[in-house]
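The primary structure of each chain is shown beneath.
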Amino acid sequence: MKIPFLPFLIKFIIFIIYNCNIPYECILGKGTRFAYSGIGVVLHKRTRMGKNCMIGTQVTVGGKSGHFEVPVIGDNVYLATGAKILGPIKIGNNVIVGANAVVIKDVPDNCVVAGIPAKIIKQN
């Protein structure tokens with residue numbers, strides 16, 4: 001209908017209620033859930049996530065300065081509270097990202113990462 005005010009109003013109301021930014025351009029797989037209604041979650045508009053992901057509160061998924069690409073997240077990924085996923089990286093399937101971890105490098109399938117910067121602490 002080309003009514004630019006209506007989408008802006010809906011986005012503003014969601015931001016006021018939940019203090020989050022989840023653009024409609026994001027590609028989120030079926031079964032993806034947000035803990036506590038996504039309070040404080042910020043996703044880049046080109047973010048792609050697989051199926052059955054769980055996103056905790058205060059999670060940021062975004063790009064890095066000087067790079068066009070943004071993170072690609074696989075299936076069955078758990079992003080714990082406060083996790084930051086930054087840059088043109090790939091997160092594999094069945095990965096757990098620990099609380100307050102800062103992921104700036106690719107993560108293979110079936111592992112647990114934690115720390116600043118995030119390191120693999122358990123694999124397979």
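Relevant structure appears above.
What comes next is a walk through the structure. (Residues numbered from 1 in each chain as written. Predicted model: local features only at pLDDT ≥ 70, side-chain atom pairs only at ≥ 80, totals over all residues. Heavy atoms only, no water.)

**Concerning the pairing of strand 14 (residues 119–123)**
Item 1. The element strand 14 is largely exposed, with a buried count of zero among its five residues.
Item 2. Bridge analysis of strand 13 (residues 111–114) against strand 14 gives four bridges, and the strand direction is antiparallel. Note that in strand 14 the partner of Val112 across the bridge is Lys122.
Item 3. Between strand 13 and strand 14, which follow one another and run antiparallel, lie four residues, and Gly115 among them has a positive phi close to 105 degrees. (Buried < 20%, exposed > 50% of the residue type's maximum accessible area, 1.4 Å probe, protein only. Helix = DSSP H or I, 4+ residues; strand = E, 2+ residues; numbered from the N terminus. Pairing = 2+ DSSP bridges.)

**Details of helix 1 (residues 5–18)**
Item 1. Helix length check: helix 1, at 14 residues, gives a terminal C-alpha distance of 20 Å against a target of 20 Å (1.5 Å per residue), a fit within 8%.
Item 2. Following helix 1 by one or two positions, Asn19 has its phi on the positive side, about 55 degrees. (Expected span 1.5 Å × (residues − 1).)

**Structural notes on the sheet that holds strand 12 (residues 102–103)**
Item 1. The strand order 3-6-9-12 describes an open sheet built from four strands, whose pairing is parallel. Whereas interior strands pair on both sides, the edge strands pair on one side only; in this sheet they are strand 3 (42–43) and strand 12.

**Points about the packing of aromatic side chains**
Item 1. Evaluation of the coordinates by the stated rule reveals zero aromatic pairs.
Item 2. Seen from the ring of Phe68, Arg46 lies directly overhead, with NZ or CZ sitting 3.9 Å from the centre. (Phe/Tyr/Trp six-rings, centres within 6.5 Å; stacked < 30°, edge-to-face > 60°. Lys NZ or Arg CZ within 6 Å of the ring centre and 35° of its normal.)

**Quick word on the side chain of Thr32**
Item 1. Along the polypeptide, Thr32 turns up in the loop between strand 1 (27–28) and strand 2 (33–34).
Item 2. Separated by 2.9 Å, the side chain of Thr32 and the backbone oxygen of Gly29 make a polar contact.
Item 3. Contacts of Thr32, omitting those with residues within four sequence positions, involve Met49, Gly50, Asn52, Cys53 and Ile55. (Polar contact = N/O pair within 3.5 Å; in protein donor to acceptor, adjacent residues only side chain to side chain. Contact = heavy atoms within 4.5 Å.)

**Notes on the nonpolar core**
Item 1. Judged by nonpolar contacts, the single largest core of 23 residues is most densely connected at Leu79, Ile91 and Val97.
Item 2. What Ile91 contacts, discounting residues up to four positions off in sequence, is Val72, Ile73, Gly74, Val77, Ile85, Val103 and Val107. (Core = buried A, V, L, I, M, F, W, Y, C linked by side-chain atoms within 4.5 Å.)

**Quick notes on unusual backbone geometry**
Item 1. A cis amide bond, omega -10 degrees, links Ile116 with the succeeding residue Pro117.
Item 2. As for its placement among the helices and strands, Pro117 is situated in the loop between strand 13 and strand 14.
Item 3. A positive phi angle is found at Tyr36, which is not glycine, with a value near 50 degrees.
Item 4. If you trace the backbone, Tyr36 turns up in the loop between strand 2 and strand 3.
Item 5. Even without a glycine there, the phi angle at Gln58 is positive, about 60 degrees.
Item 6. In this fold, Gln58 is placed in the loop between strand 5 (54–55) and strand 6 (60–62).
Item 7. Exposure remark for Gln58: the relative accessible area of 40% places this residue in the partly exposed category.

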